Number of protein chains: 2
Amino acid sequence: MIKRNPHFSSLLPNYLFEEIGLRKKAYLERHPEKHLLDLGLGDTTLPLSPVVVRSIQEFAEKMGKKESYKGYGPTSGSVELKRGISERFYAGIVSAEEIFISDGAKCDIGRLQLLFGDDVTVALQDPVYPVYLDGSLLQGVAPQNIFRLPCTPENQFFPDLSLAKGVDVLYFCSPNNPTGAAATHEQLQELVSFAKKEGTLIIFDAAYSCFIQDINLPKSIFEIPGAEEVAIEVNSFSKFAGFTGVRLGWTVVPKELRYPGGESIYQDWIRATDIVFNGPSNLSEAAGKAVLSEEGFKACKEQVATYQKALHEFERLREIPSYTLFAGTNAPYAWIRVEGKSSWDLFDELLNECQIVSVPGAGFGSAGEGFVRLSAFAGVEVVRQACDALLDYASESIIQS
Amino acid sequence: MIKRNPHFSSLLPNYLFEEIGLRKKAYLERHPEKHLLDLGLGDTTLPLSPVVVRSIQEFAEKMGKKESYKGYGPTSGSVELKRGISERFYAGIVSAEEIFISDGAKCDIGRLQLLFGDDVTVALQDPVYPVYLDGSLLQGVAPQNIFRLPCTPENQFFPDLSLAKGVDVLYFCSPNNPTGAAATHEQLQELVSFAKKEGTLIIFDAAYSCFIQDINLPKSIFEIPGAEEVAIEVNSFSKFAGFTGVRLGWTVVPKELRYPGGESIYQDWIRATDIVFNGPSNLSEAAGKAVLSEEGFKACKEQVATYQKALHEFERLREIPSYTLFAGTNAPYAWIRVEGKSSWDLFDELLNECQIVSVPGAGFGSAGEGFVRLSAFAGVEVVRQACDALLDYASESIIQS
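Residues numbered from 1 in each chain as written. Chains lettered and ligands numbered in written order. Predicted model: local features only at pLDDT ≥ 70, side-chain atom pairs only at ≥ 80, totals over all residues. Heavy atoms only, no water.

Enquirer: Just to check I follow, could you spell out the overall build of chain A for this structure?
Expert: From N to C terminus, chain A includes twelve helices and 13 strands. By its C-alpha atoms, chain A is 65 × 55 × 50 Å across when sized along the principal axes. Classification of the 401 residues of chain A by burial places 65% in the buried group. Across chain A, the fraction of contacts at a sequence separation of at least 24, relative to all contacts at a separation of at least 6, is 73%. As presented, chain A carries roughly 14,700 Å² of accessible surface, and 52% of it is formed by carbon and sulfur atoms. Here chain A contributes 37 positive and 52 negative side-chain charges, whose respective centroids are spaced 5 Å apart. (Helix = DSSP H or I, 4+ residues; strand = E, 2+ residues; numbered from the N terminus. Buried < 20%, exposed > 50% of the residue type's maximum accessible area, 1.4 Å probe, protein only. Contact = heavy atoms within 4.5 Å. Areas by Shrake-Rupley, 256 points an atom, 1.4 Å probe, with all protein chains shown as cover. Lys, Arg positive; Asp, Glu negative; His and termini not counted. Charge placed at Lys NZ, Arg CZ, Asp CG, Glu CD.)

Set out below in C-alpha cells:
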C-alpha cells in the first residue's frame, strides 16, 4: 500500500478547534444541566440580510427554468461579482481581473501553497491563525524553514521583521486573528519595503478588515503603493456578510507579480486553480452579489456594528485586576492575559468556573501562551452574561483569597 | 522574489478546454453570423427540479432568521446528507461516516494529492479526464513516475494492468470520461485484486455512474468485495442533479484503509481537509438534500433519461462509413474515430464545416488521438441538428470525392 505523505508527521497531533470541541463535549457530559456561553469559534450568528435571502431565492427560481439555468461558471467566479468587489472594497485600486472568487479564504490559502512548492522558507506571525503553518507543513515545507515572528504587547503586536530576513513567503494577518491587532499604514509600508528588499512574497489575510473602525488604518495591503509587486491578498464574505456557512471569498493576485525568472504568478494562479478548483457555488455568488448592492452593503455594515457593540462589553473586564485586555476595537476578538496562568489553564478555568468557551492563545503559537481569545460573535447578550460571570467569579476569588 | 514551483513547467502549455474556448472564439469572430452546436464541454443544461429549487428557497429563508441561521458546518458536510447518500447511492454498503461531502469531485481530486506527497508512482487510463495527470504533476510527482494505461477499442477500453505493476496510486474513471466505457463487475474485480497484490491505492472516479443503464454493471467500486481495503471513490451531484454550477460532491474514504505503517488514511483525510477546506456551501447542501428526497431523486433520474435520449441520437452517425462510434449507452458521451484524421483536425473540421464544437480525444491522452468526444448534454434537439449537419456534410463529401 502507498506510503504516507511524510509531512503529516510534522503536524501537531490535534487541530486547535478539535481539541476545544473535545473539552466542551467532555464538560457537557459531566454537567448536562449546564449551558455554555460560547465565545470560542469565530463564527457569525446574525442572519443573512433580507436582500441576500431574496437574491438566493430569485437565483434558485432562475436555476429551475431551462432558459435561465446556469451550469459551470468561470473557475475564477462571476465577472459581475469581481467588478462589485473591485468597487466596493478597493475603490478601483485593484482591477476586477485581478480578483479571483473562491469558496473562502481558508480554501484559497490551501491552494496558494501550489504556487510555491515545498522548497521555500516561510515566515508567519506568532500567534496567528494555524492554517498558514499547517498548510505549509502539509505541502512539505520543512519545519526548520518556517520562522515564527512573535507579536506581543511588548512590540505592539507588530513583528521584528529582521527575524524574517530573506524568507520567500510571509503570511500577514491584519486585523490579526487572534490578537485583534490591526497594522497601521506605517507598519504595512515597512512590510512592503521589507518584501521588496528581501524578495519576499506577502500573503496578506484581510478576512477581518470589515471590523476596522479607525479610519486611519488600511483595510487592504494594496493601499500601500508598490504592494502590487510583492503581495497577494485573501479576503472573505464570511465575517462581513455572515457567509461562514455560505462559503464565498476572494483572492487578489496582481498582474504585476512575477517570479525572479520573469514568469507571471498571475498566470500560474489561473493554471493552478483550473486544475484543483471549479469555482464557487453559483448560489453563493448570487448571495454575494446582493451583499454588494446598496441595501445589502448597508445591512452588512449594520451587522458588523452589532458585533462591535458586543465587543465593547469586554471593556468591563478591565475592572478585574489580574486581567490585561488588548485590542478589541478593530477586530471581533478580545485578547486577554492573566498573569501566571497558561492558556489552557485559563481555558479550563473559564469553562469549569464560568461556563465560558474561549480559545487558548497557545493554540495560535507559542507567543500566544498565557492569553485566551474571546469572541464577540455570540452577540451583546451572551458577551454581557459572560462578563457578568467573569466579574462574579473574580470577586469571589478575591474574597476567598 | 520567491522561486516558481518548478512543477508548473511539467504541465502542458494549455488546458484542453481553454484551447477549445480560444478556437470557438476565433471561429465566431471570423463568422459572427454563425450559431454553434456545442457538444463540447460536459456541462448540464436541464434546470434544477422544483423540489430542489424549493429546498434552496426554504433554506435561504431560514438563513435569514436569527433562530434558524447556520454558520460553519462540519468540514466533512451535513450528517443528514451523508446518511442520504449512503442509502440512496450505496444501499448502505458504505457508512455515512465514510462519506465526506465536498464542493465537487475535481476539487477533492486536488485535495487527495495531499495524502500522497510527491514521492509516488501514479498510473492512469489513457485517454482520461486531464485533472488526474495535471494535479499529480502540480503536486510534484515526477513525469517519469506517471504511467499511462492505453484504453482503446482494441482492449475493450480496459487497460493492461501489467503496465501498472507496483504503482502507488491508480486513477480509474468509470464510466470513463471521455470514452464512455463503463467497467464490468469482472473488470473491477480484476482491478481490486491487482491493487491488493501490488499494494496500490485506487482513486475511483464515479462521477458519471448515474448514466449507467445496464443493470449488470457496477456503479461503485465498493460493490466489489475487498475494495474498502484499497480504494477511495469520488462522486458528484453535478451530472445527476444538474449541480455543475451549484458545486456539491462527495468522497468515500473507507475506515479500513491503511498505509503500510498502519496509520489510518481515513484520519489523515480528516486532518488534511480540516486544513485546506471549510466544507461545502450550506446552500448547496440544502439543494443536495432535496435531490435525495423521493421527489428529487425521481426528477433527477428523469433528467438523466432525457440526456440518454439525446445520446441515442448519435446512433444515426453509424450511417457515415468513415465514422466509428463507440460506447454511448452508459455515459453521456459518444466517442468517435475517423480513420486517417487527427483529433484536432477532426475538431477543426466539425467546427468549420458543421459548426459543431467537440472535444479532441488527443486532449485526454495520446491514446485518444484520432477520436473526438461528443456530448449529449446539449439535449435531443441540438444533438439531432448536429447529427443532421454531420450526415449532410458526409454525403456532400462523398459526392465531391
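Picking up where we left off.
Enquirer: Could you clarify how one ought to interpret helix α2 (residues 50–63) of chain A in this entry?
Expert: Helical geometry note: an α-helix holds 3.6 residues per turn, so side chains three or four residues apart project in the same direction. In this model α2(A) runs 20 Å from its N-terminal to its C-terminal C-alpha over 14 residues, within 8% of the 20 Å that 1.5 Å per residue would give. Buried-residue contacts for α2(A) involve α9 (282–291) and α10 (294–313) of chain A together with α2 (50–63) and α9 (282–291) of chain B. (Expected span 1.5 Å × (residues − 1).)

Enquirer: I tried to follow the sheet that holds strand β5 (residues 169–173) of chain B on my own but got confused; where do I start?
Expert: The strands making up a sheet are joined through hydrogen bonds of the backbone, oriented either antiparallel or parallel. Residue and element names in this part refer to chain B. Spatially, the seven strands line up as an open sheet ordered β2-β8-β7-β6-β5-β3-β4, and their pairing is mixed. Two strands lie at the open edges of the sheet, namely β2 (99–102) and β4 (146–150), each paired on one side alone. Taken over all neighbouring pairs, the strand axes of this sheet differ in orientation by 20° on average, direction set aside. With three bridges connecting them, strand β3 (residues 122–126) and β5 associate as parallel partners. (Pairing = 2+ DSSP bridges. Axes fitted to C-alpha atoms, helices over the stretch in contact; angles between N-to-C directions.)

Enquirer: Honestly, the relation of the copies chain B and chain A in this entry has me stumped. Any pointers?
Expert: A rotation about an axis combined with a shift along that same axis relates the two copies of the chain. Rotating chain B by 180° and moving it 0.0 Å along the rotation axis overlays it on chain A with an RMSD of 0.0 Å. In short, the pair behaves as if placed about a two-fold rotation axis. Looking at the rotation axis and the C-alpha trace of chain B, the residue lying nearest is Gln57(B), at 2.4 Å. Taken as a fraction of all interface residues of chain B, those also at the interface in chain A reach 100%, which identifies the copy contact as same-surface. (Least-squares fit on C-alpha atoms with pLDDT ≥ 70 in both.)

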